[in-house]
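Observations on the three-dimensional arrangement
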Amino acid sequence: MSKSSAEFDVIVWGATGFTGRLVAEYLAKTQDSHRARWALAGRDLKKLEEVRSGLVSLVPSCAELPLLVADAKDPASLDALVTRTRVVCTTVGPYAKYGNELVAACTRAGTDYCDLTGEVQWMRRMIDDHHEQARASGARIVHTCGFDSIPSDLGTLMMQEHMREKHGGHLCSVRLYMGPMRAGASGGTVASLMQAMEEVAVDRSVRRVLVNPHALDPDPRQPRNPAERDLTTVRYSQEAGQWTGPFVMASVNTRVVRRSHALLGFPWGRDFLYTEVAGYGAGVKGLTRATSMTAGLGGFFVALQVKPLRKLLESKVLPAPGQGPSAEERERGFFVAQLLGEGKSPRTGREVKLKGKVAAKGDPGYAATARMLSEAALSLAFDANPTQGGVLTPASCMGMRLVERLRKAGMTFEVQELAA
């Protein structure tokens, strides 16, 4: 069946989970604008009915929303599911445990796919196992369509497109400073992190993937620039005017941006440098925040290396999959990412400095992420897009079309010129 003749435009897989419900709510509340033919899918019909009932209380027309049942471990049921839709939008993680068969099914069927994964080791396996077959079938497999890594990936693309349009050429470097932000702990993110730690414990090659700055590149063996190493200490940034420290998701986002650059054909130069850190503000308060957060983050990752401590954190301290902040907490959340880029205009020969901003209201890992993932799925379903199949990224697949969608959905994507 061709994509154009599919029964549905979008299927939300994992609709009974915490984030899956938020995606379903977003699509329900905005369906007058997108008019997508969509359905809820999962493995438990009773829970799907409960989700639909909740949606009906918000949008009465959801009473007719189709419910589809399949099993993440049953290839035949997934094959039957994915052939009914143009796009599968999945929130079921850890993806390394529950995502393999779904990606394989979409690849076989030529069905487009988007997810929220931040699991670098799993994405590497999906690239190795499915990229070429997806190119042949036309399936666009797009990972990291939430807080990880749309602000980084599309923010960098936005900066480079501004440079190309206004000055010609490209930026030689882009640095992202994440913060301020207010976010609740994500049970799904914790589960993905624990999954990675379990894999590292039994297979040392996984660690080599995780620490490789080019782990997601078509050729992950390319030479590494020492400046690409993720920040591990507290530093003061003169250009940003604030104290910085390690950003917990930099080890994911930077790899995604570098894969985008490679898939686009290295338009920003082979020496393009992308880095990101957490920003904590200026002065003594900024230094105090940076120091305390860096120390806490370091202690947390040390504890994860010890199996008994890892199990204790998982059972007693950290949120479990399916758990997340309340509606009020999600509403109060927000994030602001600042991007600074430098390059030289081939038209004038002068140095160019740009400042970008990507921001959103709502908890980054839940409210904002549900918006980003939903709009990514709608972009795959409806936007004119000449991109061929493969294991792709938001920037290399949907590009500025998705930026425009997210702007219309209330997110901030903006660039301004700085004095050189």
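Attention now moves to the overall build of the protein. Check the secondary structure of the protein and you find 17 helices and 14 strands. Relative to the 2.2 N^0.38 estimate, which gives 22 Å for 420 residues, the radius of gyration of the protein is 21 Å and therefore close to what a compact globule would have. Per-residue burial for the protein yields a buried fraction of 53% across its 420 residues. Considering only intrachain contacts with a sequence separation of at least 6, the fraction spanning at least 24 residues in the protein is 77%. Counting every atom, the protein has about 18400 Å² of accessible surface; 52% of that belongs to carbon and sulfur. Computed over 53 positive and 44 negative side-chain charges, the inter-centroid distance for the protein is 4 Å.

It is worth spelling out the sheet that holds strand 13 (residues 390-392) at this point. An order of 3-2-1-4-5-6-13 is seen for the seven strands of this open sheet, with the pairing classed as parallel. Bordering the open sheet on either side are strand 3 (67-69) and strand 13, each of which pairs with just one other strand. Taking the axes of each pair of neighbouring strands and ignoring which way they run, one obtains an average angle of 20° across the sheet. Pairing of strand 1 (residues 8-13) with strand 2 (residues 38-42), which is carried by four bridges, proceeds in the parallel orientation. Looking at the pairing, Ile-11 lines up with Ala-39 of strand 2.

Moving on, we get to a nonpolar patch on the surface. A contiguous nonpolar surface patch, about 240 Å² in accessible area, is contributed by Val-306, Leu-309 and Leu-312. Here Val-306 shows up in the loop between helix 12 (283-304) and helix 13 (307-317).

Let's shift gears to the packing of helix 15 (residues 364-382) against helix 17 (residues 399-408). Viewed as axis vectors pointing N to C, helix 15 and helix 17 meet at an angle of 130°, and their least axial separation amounts to 10 Å. If you check the angle between helix 15 and helix 17, you find them oblique. The handedness of the crossing between helix 15 and helix 17 is right-handed. Each of Arg-371, Met-372, Glu-375, Ala-376, Leu-378, Ser-379 and Phe-382 in helix 15 lies in contact with helix 17, whose residues at this interface are Leu-402, Arg-405 and Leu-406. Taken together, the residues of the contact of helix 15 with helix 17 sort by class into six nonpolar, one polar and three charged.

Spatially, 8-9-10-7-11-12-14 is the arrangement adopted by the seven strands of the open sheet, whose pairing is mixed. Of all strands in the sheet, those with a lone pairing partner are strand 8 (235-237) and strand 14 (412-418), marking the two edges. Along the sheet, successive strands turn relative to each other by an average axial angle of 30°, direction set aside.

For the structure shown, the criterion picks out 20 salt bridges. Taking the shortest distance from any N to any O, the salt bridge between Asp-9 and Arg-86 comes out at 3.1 Å. Of this pair, Asp-9 sits in strand 1 while Arg-86 sits in strand 4 (residues 85-90), placing them 77 residues apart in sequence. Owing to a relative accessible area of 21%, Arg-86 belongs among the partly exposed residues under this scheme. The shortest N-O distance in the salt bridge between Asp-128 and Arg-124 comes to 2.8 Å. Of this pair, Asp-128 and Arg-124 both sit in helix 7 (residues 120-137), four residues apart, which is roughly one turn of the helix. One continuous salt-bridge network, built from bridges that share partners, spans Asp-9, Arg-37 and Arg-86.

Looking now at the pairing of strand 11 (residues 334-344). Judged from the nine bridges that link them, strand 7 (residues 171-182) and strand 11 form a sheet pairing that is antiparallel. When the bridges of strand 11 are listed, Met-181 appears paired with Phe-335. Sheet analysis places strand 11 next to strand 12 (residues 351-361), joined by 11 bridges and oriented antiparallel. Bridging from a neighbouring strand, Leu-339 pairs with Gly-356 of strand 12.

Quick look at the pairing of strand 12 now. Every regular strand shows the same layout, with side chains that alternate between the two sheet faces. Counting the residues that bridge the hairpin from strand 11 to strand 12 gives six residues, and of these Gly-349 lies at a positive phi of roughly 75°. Across seven bridges, the pairing between strand 12 and strand 14 is antiparallel. In the strand pairing of strand 14, Ala-359 is matched with Thr-412.

A few words on helix 7. Given a rise of 1.5 Å per residue, 18 residues ought to cover 26 Å, and the 24 Å separating the end C-alpha atoms of helix 7 matches this to within 8%. Along helix 7, the largest kink reaches about 55° and is centred on His-130. Listing the buried residues of helix 7 in full gives Val-120, Gln-121, Trp-122, Met-123, Arg-124, Met-126, Ile-127, His-130, His-131 and Ala-134. After helix 7 finishes, the residue Gly-138 shows a positive phi value of roughly 90°.

Here we take up the packing of aromatic side chains. With the rule as written, the count across this model stands at six aromatic pairs. Consider the rings of Trp-268 and Phe-272, whose centres lie 5.2 Å apart with planes at 70°: the pair is edge-to-face. For the residue pair Trp-268 and Phe-272, the accessibility class agrees, reading buried in each case. Directly above the ring of Phe-266 sits Arg-270, whose terminal nitrogen or CZ lies 3.8 Å from the centroid.

Moving on: the environment of Asp-71. Mapped onto the elements of the fold, Asp-71 is located in the loop between strand 3 and helix 4 (75-82). Distance in space between the C-alpha atoms of Asp-71 and Tyr-98 is 9.5 Å, their sequence separation being 27 residues. With near-sequence residues (within four places) excluded, Asp-71 lies in contact with Trp-13, Ser-77 and Leu-78.

Core analysis: the biggest nonpolar cluster contains 104 residues, and Trp-13, Trp-38 and Leu-40 have the highest contact counts within it. Considering every element that reaches this core, the biggest residue donor is helix 15, with 10 residues. Residues within four places of Trp-38 in sequence aside, it is in contact with Phe-8, Val-10, Val-12, Ala-24, Leu-27, Ala-28, Gln-31, Leu-55, Cys-62, Leu-65 and Pro-66.

Conventions adopted
- Residues numbered from 1 in each chain as written.
- Predicted model: local features only at pLDDT ≥ 70, side-chain atom pairs only at ≥ 80, totals over all residues.
- Heavy atoms only, no water.
- Helix = DSSP H or I, 4+ residues; strand = E, 2+ residues; numbered from the N terminus.
- Rg over C-alpha atoms; globule rule 2.2 N^0.38 Å.
- Buried < 20%, exposed > 50% of the residue type's maximum accessible area, 1.4 Å probe, protein only.
- Contact = heavy atoms within 4.5 Å.
- Areas by Shrake-Rupley, 256 points an atom, 1.4 Å probe, with all protein chains shown as cover.
- Lys, Arg positive; Asp, Glu negative; His and termini not counted.
- Charge placed at Lys NZ, Arg CZ, Asp CG, Glu CD.
- Pairing = 2+ DSSP bridges.
- Axes fitted to C-alpha atoms, helices over the stretch in contact; angles between N-to-C directions.
- Patch = residues over 30% accessible without salt bridge, like charges linked within 9 Å, V, L, I, M, F, W, Y side chains within 5 Å.
- Salt bridge = Lys/Arg side-chain N within 4 Å of Asp/Glu carboxyl O.
- Parallel < 35°, antiparallel > 145°, perpendicular 65-115°, else oblique.
- Left-handed = near helix turned anticlockwise from the far one by under 90°.
- Nonpolar A, V, L, I, M, F, W, Y, C, P; charged D, E, K, R; others polar.
- Expected span 1.5 Å × (residues − 1).
- Bend = angle between axes of the 7 residues up to and from the residue.
- Phe/Tyr/Trp six-rings, centres within 6.5 Å; stacked < 30°, edge-to-face > 60°.
- Lys NZ or Arg CZ within 6 Å of the ring centre and 35° of its normal.
- Core = buried A, V, L, I, M, F, W, Y, C linked by side-chain atoms within 4.5 Å.

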